[in-house]
Every structure is written in structure tokens, then in C-alpha cells.
Amino acid sequence: GTIKVSCHIEHDPKEFHGDKVFRVFPQNEEHVEIIKSIASNTQLDFWAPETVSLVTVGHRADFRAEYEVVYDIQALLEKSGMPYEIMIGNVQEAVHTQRDSNIRAVHSYVKYNDLDTINAWSANIAAQNSGLVSRSQLGTSYEGRPIYLLKVGKSGSNKKAVVLDCGFHAREWISVAFCQWFVKEAVEKYGSDTQLTNLLNNLDFYVVPVLNVDGYAYTWSTNRMWRKTRSVNSGTTCIGTDPNRNFNAGWCTVGASSRACDDTYCGSSPESERETKALANFIRNNLSSIKGYLTIHSYSQMLLFPYSYSYAVAKDHTELNTVAKNAVSQLTSLYNTKYTYGAGGTTIYLAAGGSDDWAYDAGVKYSFTFELRDTGRYGFLLPESQIQATSQETILAVRSIATHILNNA
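Owing to the predicted nature of the structure, the values given are computational and were not obtained by experimental measurement.

Draft legend 1. Examining the sheet that holds strand 10 (residues 302–305) more closely. As summarised here, the arrangement of the eight strands in space is 5-6-8-7-9-12-10-11, forming an open sheet in which the pairing is mixed. Whereas interior strands pair on both sides, the edge strands pair on one side only; in this sheet they are strand 5 (133–140) and strand 11 (340–343). For this sheet, the mean angle separating the axes of adjacent strands, direction not counted, is 20 degrees. Pairing analysis gives three bridges linking strand 6 (residues 146–152) to strand 8 (residues 203–208), with the strands arranged antiparallel. Considered in strand 8, the bridge of L150 is made with V207. The strands that helix 4 (residues 115–128) touches are strand 5 and strand 6; relative to strand 5, the one it contacts most, it runs at about 145 degrees.

Draft legend 2. Geometry of the pairing of strand 7 (residues 160–166). A large share of strand 7 lies buried, amounting to six of its seven residues. Inspection of the sheet shows strand 7 paired to strand 9 (residues 290–298) by six bridges, in the parallel sense. By the bridge assignment, V162 is partnered in strand 9 with G292.

Draft legend 3. Structural detail: the packing of helix 5 (residues 173–189) against helix 12 (residues 387–408). Where helix 5 meets helix 12, the axes come as close as 9 Å, and the angle between the chain directions of the two elements is 65 degrees. When the interaxial angle is binned, helix 5 and helix 12 end up roughly perpendicular. Here helix 5 and helix 12 pass one another in a crossing that is right-handed. Where helix 5 abuts helix 12, its residues I174, A177, F178, W181, F182, E185 and K189 lie against I387, Q388, T390, S391, Q392, T394, I395, V398 and R399. Its residues placed into classes, the contact of helix 5 with helix 12 shows eight nonpolar, five polar and three charged.

Draft legend 4. Just unusual backbone geometry, in detail. Here the bond from P306 into Y307 is cis, since omega is 10 degrees, no more than 30 degrees from zero. When you line up the elements, Y307 lands in the loop between strand 10 and helix 9 (317–335). At E271, a residue that is not glycine, the phi angle is positive and equals roughly 60 degrees. Structurally, the position occupied by E271 is in the loop between helix 7 (213–221) and helix 8 (274–285). Judged by relative accessible area, which is 9%, E271 ranks as buried. For N336, which is not glycine, the phi dihedral falls at a positive 65 degrees. The residue N336 is located in the loop between helix 9 and strand 11 in this model. By relative accessible area, N336 is classed as partly exposed at 49%.

Draft legend 5. Inspection of the pairing of strand 10 at higher detail. The side-chain alternation of strand 10 yields two buried faces, one formed by M302 and L304 and the other by L303 and F305. Strand direction decides the pairing type here: strand 10 and strand 11, joined by four bridges, are parallel. Directly across from F305, in strand 11, lies its bridge partner A343. Handedness of the crossover joining strand 10 and strand 11 through helix 9: right-handed. Relative to strand 12 (residues 366–372), strand 10 is paired through three bridges, and the arrangement is antiparallel. Across the sheet, the residue bridging to L304 is T369, located in strand 12.

Draft legend 6. The arrangement of the side chain of S308 in detail. Here S308 shows up in the loop between strand 10 and helix 9. For S308, a relative accessible area of 10% puts it in the buried group. Beyond its immediate stretch of four places on either side in the chain, S308 contacts G344, G345, Y349, L350, A351, D356 and D357.

Draft legend 7. The confidence of the model for the chain, seen in detail. In the predicted model, the chain carries a mean pLDDT of 89, and 88% of its residues have values of at least 70. pLDDT under 50 marks residues 6–11. Its contacts with residues more than four places away, or in other chains, come to zero contacts. Below pLDDT 50 for its whole length, residues 97–103 participates in two contacts with residues either more than four positions away or in separate chains.

Draft legend 8. Structural context of the state of the cysteines. The tally for this structure, following the rule as stated, stands at three disulfides. In this model, C166 is linked to C179 through a disulfide, with the two sulfur atoms separated by 2.2 Å. Taking the sign of the S-S torsion, about 85 degrees here, the bridge from C166 to C179 comes out right-handed. Separated by 13 residues along the polypeptide, C166 in strand 7 and C179 in helix 5 bring together distant segments of the chain.

Draft legend 9. Spotlight on the packing of helix 4 against helix 5. The geometry of helix 4 relative to helix 5 is characterised by a closest axis approach of 12 Å and an angle of 15 degrees between their N-to-C directions. Viewed along their axes, helix 4 and helix 5 adopt a mutual orientation that is roughly parallel. The way helix 4 lies across helix 5 gives a crossing that is left-handed. Counted together, I118, W121 and I125 of helix 4 and V176, C179, Q180, V183 and V187 of helix 5 form the full contact between these two elements.

Rules used throughout
- Residues numbered from 1 in each chain as written.
- Predicted model: local features only at pLDDT ≥ 70, side-chain atom pairs only at ≥ 80, totals over all residues.
- Heavy atoms only, no water.
- Pairing = 2+ DSSP bridges.
- Helix = DSSP H or I, 4+ residues; strand = E, 2+ residues; numbered from the N terminus.
- Axes fitted to C-alpha atoms, helices over the stretch in contact; angles between N-to-C directions.
- Contact = heavy atoms within 4.5 Å.
- Buried < 20%, exposed > 50% of the residue type's maximum accessible area, 1.4 Å probe, protein only.
- Parallel < 35°, antiparallel > 145°, perpendicular 65-115°, else oblique.
- Left-handed = near helix turned anticlockwise from the far one by under 90°.
- Nonpolar A, V, L, I, M, F, W, Y, C, P; charged D, E, K, R; others polar.
- Right-handed = clockwise from strand over helix to strand, strands pointing away.
- pLDDT = per-residue confidence, 0-100.
- Disulfide = S-S within 2.5 Å.

Right under this line is the structure:
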């Protein structure tokens, strides 16, 4: 671009390197007091409302905080449980890019978001869409992080439910992106899209945006290729268990390792991991309503159903195969992405301890594993430019399965 030079500036303009603009959603008087106390100890620049005295319960407030204090403020907000998001991550950059009409918010549905951003997003989307979305905590990870659960659906009595989880395996970033897209689609199209409105009126979707929160955070901080949890294994320096080998479904018999250093380590016992135990407990506690279980992985473009722990044919094999076939045909109709489908053991490989097999044996008949794009060109490093298309086509398959559950479960 053109460099504009001004000769009339006597001193350098103020710079904002590392300054952030926060948006907070005070839910109660305590939250309002927290914001006021931050403002009394720190020089905050309120953008809307213009002054801290106008901050009230139930109304969002935007303010800029200087670099030296943003992390303290973020910690206070996290501790308070107040929903918040970072609107501008670096004010100086935003100043520079102001005129290129290409500013990307900290959270975007077409990029990969880190865990803090996803947690802020989930709080925000629940706060902004309380009639359709509510957030609770599924459990706590090994390293003490919250594992959040979004319930998406219009409130009603005796509703059937579908569980949708993402981010079992830390490096499968497209999986995590998909769960966010699914919630976005629900809140944006409810009321205008007939099929989706019908599904949300009659089903509840329990969405786990990131199950393996510790592993996901680690792929951002340290090792992009990490897969497992981050739990300590006694007697070895090797860290982590493969959460999708940690369920009590033919546990550790095949396609899983009993060696803690391996990527497919099955763990010291079934549900040894806090993350898998939390998910299993939730499903067990809600078995009467949960009719579907969809777990999202990458990559290889497959739609799988039980069994993976043996070549045994599931008693519902014929129906599940038809549901998968129809879902794949819907998926392919959008961008002609080719998917294979079938029972896990025969379609991909034998692997024991998977959540889909466990859920099926627990009584959740419509239990499926998605392996999203691609088939190996980028593998776990699928470009952000493919997030939108991948999510759009996958939602067609999810809608197809959910419609079948609604009409048949």
C-alpha cells in the first residue's frame, strides 16, 4: 500500500502493541462489580458503553486494556465465570489493517481457534442465544481444564437427544472446527430453515466442542502432532492415553497398545482418563433420552458404525448401513467429496476401546464415527480454506442421520 507521510507530527503517535479489546457479558451484579473493580485499579478505555458506571447486568460492554494488564484481566474474567471474548487481539495490528476490510475477529468459523478462544465463544454463543443454547460443564480434564458441553435445541419435554463430540484426538483440528460450525448453523438458521428448525424443536443436540482439552491446548503450545491426553503414566516418562482406545468395548484387545509411550495407548484401565470418564458418565446418566451418538474425527473421509473392536456384525447392521449410505449421499451432493462407509472393523481397521462401540453396546443404537477431510494430501494439517466446505457438507450428513433418528428412534 501507499505510505502516507505527515510532516506535522511533533511526537510519535501512541501505539497499542499487545493491547486488547475485551467484550464482557455480565450475568449478575457480582460480574458488574468485578468489571468496576478492574476499572478502578486499571486505566481501561471503555468503547461501549462509554463509561464503567453504565455497565449493567445482561448488557455487553467493550473496553480496551493495555498490554501490561490484559493477562491479569483475562485471569480475573476466567475465574469469575463471566462470559467474555477478545474482540481485538492486538489493537496496533487492527489500527494498521483498519483499511484493508479484512480484519478477522479473534474467533472465526473459518479458521482454527485455540482453546481459550473456543471457551470464550461457547460462553458467548450461549449467552446470546439462551432460548436455543445452554452451556454446562461435562467434567474437568487431567490438567484441570473445564470440558464444556453445549445443549442445542428448543426446550421441550421428553425430547430425544443426540450427542455430538469433537476433538477426541488433539491434532485433528478440523474436527474441533466442525463442532463450532454446527452450533453456528443451528443458531443462524433456526426459524428459517424448515428441516433444521424441525430437528431443533424435536431433538436436543449435546455438543462437546473439545473433549481432549489438554491435548488440544498442547498442539497449540508445544507439539502440533500430539494425539493423546496429557495424563501422567506411572513408571514411565511417557505422557498420555488415546481417549478413543480408553472405553470399555473390547478394551485393549486389538488395535490398541498397552505401552504408555505409544500413540494408541489404551490407558491403565477402561475410563482411566478423566475426559473419557466424564463423557461415559454423561451418556450413562442420560441413556433414556440419548438415541444418537456422533463422534467427529479426521482424516480419511469415512462414515463408520459398530463394530470396530471385532468383525462381529452389529444386530442393527442393515439399518445403520442404510443410514450411513443416505448420509454419505447427502454429504457428497454438495461438493462431490467421496466418502466410504461401513462397519469400522471391516471399513478401516480393528480398534478396540472406541467410544462409538461403547455407546452402541450401552444402548445408543445410532452410533457413528465421522472421519472428515481429507484423504491424506494434508492429513491433520487441512488448510483453513477448507473448513467452510468441510463443515457444510458434513452438516448435510448430520442432518440426514438426525432426521432418521427423529423418525425412527
